[in-house]
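So you can see what is in the structure, the chains are spelled out below.
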Amino acid sequence: MTEPWATPIGIAYIGLFFLSGVCCFFVVPRARTLDIAELRHGLLGLLVTTGIWSFFKAAFFIVPAPFREATYTIGLVFGFATVWAWLYFASAYTGRRLHRNRTLRLFGAGVFLAVVGIKLTNPVHGLYFTTTEATTPFEYLAIDHGVIHWASTGLAYVLAAIGLFVILEMYVKSEYETRLLGVFTGLLALPVTFDLIALVRPELINFIYAPIGVAAFAIGAVYLFGDRFLSVGVAAQTTDATIVVDRNDRVRNFSPAAVNAFPELEGTVGEKLDDVLPTVAATKGGDGNVIEREDDDRSAYYFVSSTSITLDNSTVEVLRLTDITDRERQRRRLIQRERELGQRNELYRAIIAASFSFVFQIDLEKRFSFVSSSTKEFLGYEPDELTGEPVSVLVPDEETLGETTDYVEEAINGASLQVRDLPIANRSGHTVYVDVRMVPIYDPSVDQDARTPDDIVGVQAMVRDTSQRRQREGLISVMNRVLRHNVRNELTVISGHAEILAAELDGGAKSNAETIVEATNRLLNVTESARRIETNREISPELETTDLVPIINDLIAKFEQRYRDATVTTEIPETAIAESLPQIETALWELLENAAEHTGPQPTVDLTVTTGDERIAITITDEGPGLPEDERQVLADGKEQPLVHGQGLGLYLSYWIIANLDGTIEIPRSQSGTAITIEVPTAPDPS
């Protein structure tokens with residue numbers, strides 16, 4: 001019998017399979033340099049199992065006849081193993097996670113061991129294959145495959161086809177230029193054609209030619225198209241714009257999405273990335289990974305990430321450009337918002353520092369939840385010492401505790417209030433006095449228009465030290481008492497004696513005594529004006545809803561009783577509801593009295609009240625000679641020079657009261673008479 005190696009056709013078969021095995025193992029060292037572990041493991045598994053399978057196929061024709069069935073069987077085991085190595089590689093290459101699925105791996109191992117068990121026990125049952133001597137196309141041990149063989153082979157082909165399909169599908173969906181890759185990947189399926197032909201044509205032996213296709217694929221994937229094959233596999237796993245560059249930073253490939261985002265990429269294969277997209281190139285090795293693009297007067301933002309692939313001495317880098325425009329715009333808005341909040345917080349801090357000694361926040365349990373650092377300077381407490389403590393820790397006595405508790409309760413129920421000269425105890429136990437302004441703090445998640453007392457989460461208390469003011473006011477009070485009592489008493493004595501002298505003397509001496517009387521009376525008026533100023537100096541800043549008509553009617557009655565020769569005309573509505581206080585009566589009286597005393601023996605005064613949506617105007621008109629300039633300045637802007645000016649103090653009192661009631665005074669210039677208009681705010685509609 002002529003052995004296969006003694007015939008040209010036999011030598012061709014032996015050489016073809018042996019060469020396939022050599023090619024697979026020749027590629028192994030280069031495949032081991034692949035730096036993507038899962039791809040490397042899958043590719044090496046495919047190369048090694050296919051190479052061993054190829055060598056056993058070549059050996060089948062060479063070994064002595066008694067060992068040929070065993071050689072063929074062992075080759076079948078490695079041949080079936082190539083299917084699972086191929087599936088592992090295909091899953092890793094296309095970015096799937098099937099090769100990591102524990103259930104699938106256990107299932108695959110079970111199928112593999114079951115089929116291998118049937119193959120290895122074939123000498124016992126003979127169901128997998130039988131052998132006969134064949135003479136065409138040369139003398140060899142022909143394999144007659146059984147049903148179990150075709151079932152396992154069919155399973156192997158189906159599994160191999162699945163792996164091939166997922167790779168070709170990835171090529172199509174990637175939209176890269178992958179025609180050449182698709183052609184050489186399709187070489188894997190070419191040997192199947194020979195397997196089918198061998199079933200019907202005796203010129204080809206029925207011997208499974210798959211190792212030849214795997215060897216061709218390995219040479220192409222690792223040597224001919226290695227960079228492109230691997231880079232496309234990595235880049236196609238994302239829908240983001242991708243650019244492939246080589247180790248010299250030259251553009252080698254790019255996705256259609258990249259061209260859509262960066263039209264300047266078109267036709268730039270082989271050019272330096274720095275010349276094409278310098279902003280993208282600048283991210284390589286830099287700190288910033290976000291680039292900005294101007295597009296139709298709007299900015300678009302891309303995050304640049306890279307994946308390097310090394311195969312032997314060749315390295316390519318896949319740059320992935322993820323569109324993060326919406327996220328980046330949101331991030332920049334947040335940064336701008338944080339900057340604005342920082343500026344606002346600094347403004348609030350400066351305002352509080354300039355306006356208040358310290359700040360407290362009080363929770364619903366009436367405990368301090370926040371204490372500003374400035375507390376230590378005034379009270380001697382560190383902020384941490386007061387935080388969490390009840391407000392009673394700063395209260396000097398039981399009476400003050402009750403008042404303070406009521407104030408906090410009012411704020412918790414939604415009121416905004418201001419307390420003057422509230423006594424509190426510092427760390428050393430001494431009582432100090434402060435002004436406190438309390439406002440409720442609402443849950444910020446509740447819309448401002450929908451807030452109710454149920455949404456209050458605490459109270460903000462702004463505290464101001466009043467020590468210097470109390471000292472100053474104490475000094476003023478002493479001076480006023482001296483002015484009102486001591487000076488007034490002495491002036492009364494002087495005036496009384498001057499009146500006696502004026503009654504007893506004649507001529508120049510009488511005139512001098514009368515001058516003394518007039519001067520002392522003017523000074524007495526000064527002391528009376530000072531008394532009224534002190535009486536009204538503590539006007540509350542919280543205005544109230546006040547009907548001005550009853551106040552004005554009482555003033556007119558008082559005016560007519562004191563100045564019986566005066567003529568008063570009025571034009572007053574039934575009501576004039578203002579945001580004011582009853583102290584406005586003192587200011588109006590000073591102006592009426594000024595009109596009566598400067599318009600002759602029979603004064604005529606007109607008083608008109610006009611109501612508007614926002615302001616109420618009170619106009620007082622007389623027919624006198626008009627206000628002197630110094631007195632006009634007192635009413636216009638509060639200037640009183642010199643201070644010892646009897647009528648000036650009265651006008652100053654009017655100005656001061658009206659200004660503190662959020663009102664204004666206007667005095668238009670005229671040829672005769674005086675018209676003074678006071679405007680105060682109208683009370684808001686209760687609805």
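Cut-offs used in this document
- Residues numbered from 1 in each chain as written.
- Predicted model: local features only at pLDDT ≥ 70, side-chain atom pairs only at ≥ 80, totals over all residues.
- Heavy atoms only, no water.
- Helix = DSSP H or I, 4+ residues; strand = E, 2+ residues; numbered from the N terminus.
- Buried < 20%, exposed > 50% of the residue type's maximum accessible area, 1.4 Å probe, protein only.
- Polar contact = N/O pair within 3.5 Å; in protein donor to acceptor, adjacent residues only side chain to side chain.
- Contact = heavy atoms within 4.5 Å.
- Patch = residues over 30% accessible without salt bridge, like charges linked within 9 Å, V, L, I, M, F, W, Y side chains within 5 Å.
- Areas by Shrake-Rupley, 256 points an atom, 1.4 Å probe, with all protein chains shown as cover.
- Salt bridge = Lys/Arg side-chain N within 4 Å of Asp/Glu carboxyl O.
- Lys, Arg positive; Asp, Glu negative; His and termini not counted.
- Charge placed at Lys NZ, Arg CZ, Asp CG, Glu CD.
- Disulfide = S-S within 2.5 Å.
- Axes fitted to C-alpha atoms, helices over the stretch in contact; angles between N-to-C directions.
- Parallel < 35°, antiparallel > 145°, perpendicular 65-115°, else oblique.
- Left-handed = near helix turned anticlockwise from the far one by under 90°.
- Pairing = 2+ DSSP bridges.

Engineer: Summarise unusual backbone geometry; cite the residues concerned and give the values.
Structural biologist: Phi at K366 is positive, roughly 65°, even though this residue is not glycine. A positive phi angle, close to 50°, is found at D421, a residue other than glycine. Secondary-structure assignment places D421 in strand 10 (residues 417-425). Under the relative-accessibility criterion, D421 is labelled partly exposed at 22%.

Engineer: Before we move on, can you summarise the side chain of Q460 with the specific residues and values?
Structural biologist: Among the structural elements, Q460 can be located in strand 12 (residues 456-465). Separated by 3.0 Å, the side chains of Q460 and Q361 make a polar contact. Non-local contacts of Q460, meaning those with residues more than four positions away in its chain, are made with V359, F360, Q361, R437, M438, V439 and I441.

Engineer: Outline a negative patch on the surface, supporting the account with residue identities and numerical values.
Structural biologist: Residues D397, E398, E399, E403, D406 and E410 make up a contiguous surface patch of negative charge. Along the chain, the position of D397 falls in the loop between helix 16 (383-386) and helix 17 (398-412). The class for D397 is partly exposed, based on a relative accessible area of 36%.

Engineer: Lay out the state of the cysteines with the relevant residues and their values.
Structural biologist: Overall, the coordinates contain zero disulfides when judged by the stated rule. The cysteine C23 is free of any disulfide, with C24 supplying the nearest cysteine sulfur at 7.0 Å. Residue class for C24 comes out buried when judged on its relative accessible area of 0%.

Engineer: Which residues make up the packing of helix 2 (residues 37-60) against helix 3 (residues 68-93), and what are the values?
Structural biologist: For any two helices packed against each other, one specifies the inter-axial angle together with the distance between the axes. Where helix 2 contacts helix 3, the axes come no closer than 8 Å and their chain directions differ by 160°. If you check the angle between helix 2 and helix 3, you find them roughly antiparallel. As for how helix 2 packs across helix 3, the hand of that crossing is left-handed.

Engineer: Mind laying out the sheet that holds strand 18 (residues 664-666), listing which residues take part and the relevant values?
Structural biologist: Spatial strand order, 14-16-17-19-18: five strands in an open sheet with mixed pairing. Only two strands of the sheet have a single partner each, and these edge strands are strand 14 (567-571) and strand 18. Direction aside, neighbouring strands of the sheet carry axes that sit 15° apart on average. Sheet contacts for helix 21 (residues 584-597): strand 16 (604-611), strand 17 (615-622) and strand 19 (674-681); angle to strand 17, the most-contacted strand, approximately 25°.

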